[in-house]
Amino acid sequence: MDRQMIIAASLEELGAARLLLDGIVGFVPTMGYLHEGHISLARRAREECQSVVASIFVNPTQFGPAEDLSKYPRDLKRDLSLLESAGVDLVWTPDNETMYPPGFSTWVEVEGLTKPLEGASRPGHFRGVTTVVTKLFNAVQPQRAYFGQKDAQQAAVIRKMTRDLNFPIEIVVCPTVREADGLAMSSRNSYLSPEERKAATILFRALTAAKSAYERGERDAEELRKIMKETLASEPRAQMQYVSCADYDTLDELETVTGKSLLSMAVFLGKTRLIDNFVLE
Ligand code: AMP
């Protein structure tokens, strides 16, 4: 049976359309310029839920003053067509006024987990993320919400916020979708020049080198960080911002890998900042 996807712009339109959705509602929040990574979340939600809602909102409060907000790529028409093909029932495309009405002054902040890694490199980023996700959750009222492992720390922070604030929402984290050469899909890959695009596989290669060492029995976390750093240093176009081998849940840097852990990194290729990670089980 063909269903027409509903597109809601205002909060009122969203509320009216939400009332018509049946059963378990799965929610996929995005900033648009969609790729196969985003679509994999929508498909998973489609498989697991009676109704699927997606949102497209480029959230200004998670960008730093020197970051790429104004040039963040957008293509709403294409995004809507991709979401419709993935079987999404309802798309919400709120504007800045709706999400941040004049005089806005209420924030949601997760302590601790937001300090290292992305939090250290991008002050205020996670406060913007947790605030907007709270607002999206409140408006959409999903029972499940789908996030990508690509943004591992974001997923950990959202899980923590959901537990701490007793949101009645199950957080589902889905695997990172990659290009054929290993580069993790990202809207920001569109900024890369052809030379930078080729060089960008260095993140995947560095993670793979560390994971192979782990699989051969290496458990010294400093050694794994060193392998990632050395691999990144072999690519002249890549500027490392951080590499990490941390506890999967707390994100504390490890001395020895014992339980579930996260290898992660942030790397500049020219002006474009890319992140990627592998989980060690
Ligand atoms: P964004 O539009 O960048 O805010 O991403 C929206 C959602 O898609 C987030 O939960 C991301 O973690 C997820 N996502 C982005 N890239 C990928 C990818 N390559 N594979 C899986 N999920 C992804």
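Residue positions are counted from 1 within each chain, in the order its sequence is given. Reporting of local features is limited, given that this is a predicted model, to residues whose pLDDT is at least 70; pairs of side-chain atoms are given and counted only at 80 or more, and all residues count toward the totals for whole chains, interfaces and linings. Note that water and hydrogens are dropped before the side-chain values are worked out from all heavy atoms of the structure.

Caption draft 1: Region of the structure containing the pairing of strand 8 (residues 261-269). Extensive coverage of strand 8 is indicated by the burial of eight of its nine residues. For two strands to pair, DSSP has to find at least two bridges joining them. Under the scheme used here, helices are H or I runs from DSSP no shorter than 4 residues and strands are E runs no shorter than 2 residues, and both carry numbers assigned from the N terminus. Looking at chain direction, strand 7 (residues 238-247) and strand 8 are connected through nine bridges and run antiparallel. Residue Cys245 lies in a different strand from strand 8, and its bridge partner there is Leu263. Pairing of strand 8 with strand 9 (residues 272-280), which is carried by nine bridges, proceeds in the antiparallel orientation. Bridging across to strand 9, Ser264 finds its partner in Asn277. Between buried and exposed lies partly exposed: a residue is buried under 20% and exposed over 50% of the maximum accessible area for its type, with that area taken using a 1.4 Å probe on protein chains only.

Caption draft 2: Inspection of the packing of aromatic side chains at higher detail. Any Phe, Tyr or Trp ring, taking Trp's six-membered ring, that has another such ring centre within 6.5 Å forms a pair; planes under 30 degrees apart are called stacked, those over 60 apart edge-to-face, and the others tilted. This structure, assessed with the given rule, holds eight aromatic pairs. Linked through ring pairs, Phe27, Phe137, Phe147 and Phe167 together constitute an aromatic cluster. By definition, being over a ring means that NZ of Lys or CZ of Arg is both within 6 Å of the ring centre and within 35 degrees of the ring normal. The positively charged end of Lys71 is found above the aromatic ring belonging to Tyr191, 4.1 Å away from the centroid. Its end group placed over the ring of Tyr248, Lys260 keeps NZ or CZ at 4.1 Å from the ring centre.

Caption draft 3: The sheet that holds strand 8, seen in detail. The sheet built from three strands is open, its strands ordered 7-8-9 with antiparallel pairing. The open sheet terminates on both sides in strands that have one partner only, identified here as strand 7 and strand 9. On average, adjacent strands in this sheet sit at an angle of 15° to one another, irrespective of strand direction. On top of the sheet, helix 10 (residues 221-233) reaches strand 7, strand 8 and strand 9; it is set at about 160° to strand 7, its chief contact. To obtain an axis, a line is fitted to C-alpha atoms, over the contacting stretch when the element is a helix, and the angle between two such axes runs from 0 to 180 degrees between their N-to-C directions. By definition, residues are in contact when any of their heavy atoms lie within 4.5 Å.

Caption draft 4: Local environment of the pattern of salt bridges. Salt bridges are identified by distance alone: a Lys or Arg side-chain nitrogen within 4 Å of an Asp or Glu carboxyl oxygen. All told, the structure shown has 14 salt bridges when counted by the stated rule. In this structure, Arg225 engages Glu222 in a salt bridge whose closest nitrogen and oxygen atoms are separated by 2.9 Å. Taken together, the residues Arg225 and Glu222, both in helix 10 and three residues apart, mark about one turn of the helix. Residue classification places Arg225 among the buried residues on the basis of a relative accessible area of 10%. Between Arg225 and Glu253 there is a salt bridge, with the nearest N and O atoms lying 2.9 Å from each other. Separated by 28 residues along the polypeptide, Arg225 in helix 10 and Glu253 in the loop between strand 7 and strand 8 bring together distant segments of the chain. Here Glu253 falls in the partly exposed class, since its relative accessible area comes to 42%. Each of Glu222, Arg225 and Glu253 takes part in salt bridges that share partners, so that together they form one network.

Caption draft 5: Local environment of the site of the ligand. Near the ligand there are 16 residues, and of these Met31, His38, Asp151, Val177 and Met185 occur at the shortest range. Think of a polar contact as two N or O atoms within 3.5 Å of one another; within protein, one of them needs to be a possible hydrogen donor and the other a possible acceptor, and neighboring residues in sequence only count if both atoms come from side chains. Here an oxygen atom of the ligand sits 2.9 Å away from a polar atom, N or O, in the side chain of His38. A distance of 2.9 Å is found between a nitrogen atom of the ligand and a backbone nitrogen or oxygen belonging to Met185. In the complex, the protein chains occlude 92% of the 490 Å² of accessible area that the ligand would expose alone. If you tally residues by element for the shell around the ligand, the top one is helix 2 (residues 36-48), at three residues. Note on terminology: near, applied to a residue and a molecule or strand, indicates that one of the residue's heavy atoms is within 4 Å of it. Note on areas: Shrake-Rupley with a 1.4 Å probe; residue coverage comes only from the protein chains shown.

Caption draft 6: How the structure looks around the packing of helix 6 (residues 125-140) against helix 7 (residues 152-164). Close contact between helix 6 and helix 7 brings their axes to 11 Å; oriented N to C, the two are set at 55°. It follows from the interaxial angle that helix 6 and helix 7 lie oblique. Helix 6 and helix 7 meet at a crossing whose hand is right-handed. Mapping the contact onto sequence places Phe126, Val129, Thr130, Val133, Thr134 and Phe137 in helix 6 and Gln153, Gln154, Val157, Ile158, Met161 and Thr162 in helix 7. Under the scheme applied here, ten amino acids are nonpolar (Ala, Val, Leu, Ile, Met, Phe, Trp, Tyr, Cys and Pro), four are charged (Asp, Glu, Lys and Arg), and all others, including Gly, are polar. A breakdown of the residues in the contact of helix 6 with helix 7 according to their chemical character gives seven nonpolar, five polar and no charged. Oblique is the label for any angle not covered by the other classes, which are roughly parallel (under 35 degrees), roughly antiparallel (over 145) and roughly perpendicular (65 to 115). Less than a right angle of anticlockwise turn of the near helix away from the far helix marks a crossing as left-handed, whereas a clockwise turn marks it as right-handed.

Caption draft 7: Representation of the environment of Glu48 in the model. By the secondary structure assignment, Glu48 is in helix 2. Residue Glu48 is classed as partly exposed on the basis of its relative accessible area of 33%. Here Glu48 is in contact with Arg144, Tyr146 and Val172, once residues within four sequence places are set aside. Among the polar contacts listed, one links the side chain of Glu48 to the side chain of Arg44, at a separation of 2.6 Å.

Caption draft 8: Representation of the sheet that holds strand 3 (residues 51-56) within the structure. Judged by pairing direction, the sheet is parallel, and its six strands sit side by side in the order 1-4-3-2-5-6 without closing on themselves. Edge positions in the sheet fall to strand 1 (6-8) and strand 6 (170-174), since each has one partner strand and no second. Here the strands of the sheet are splayed against their neighbours by 25° on average, with no regard to which way each runs. As judged from the two bridges shared by strand 2 (residues 25-30) and strand 5 (residues 144-148), these two strands associate in the parallel manner. Note on strand 5: the bridge partner recorded for Phe27 is Ala145. Contacts from helix 6 reach strand 2, strand 3, strand 4 (90-92), strand 5 and strand 6 within the one sheet, and its direction differs from that of strand 2 by about 145°. Its contacts with the sheet place helix 7 against strand 5 and strand 6, and it is angled at close to 170° to strand 6.

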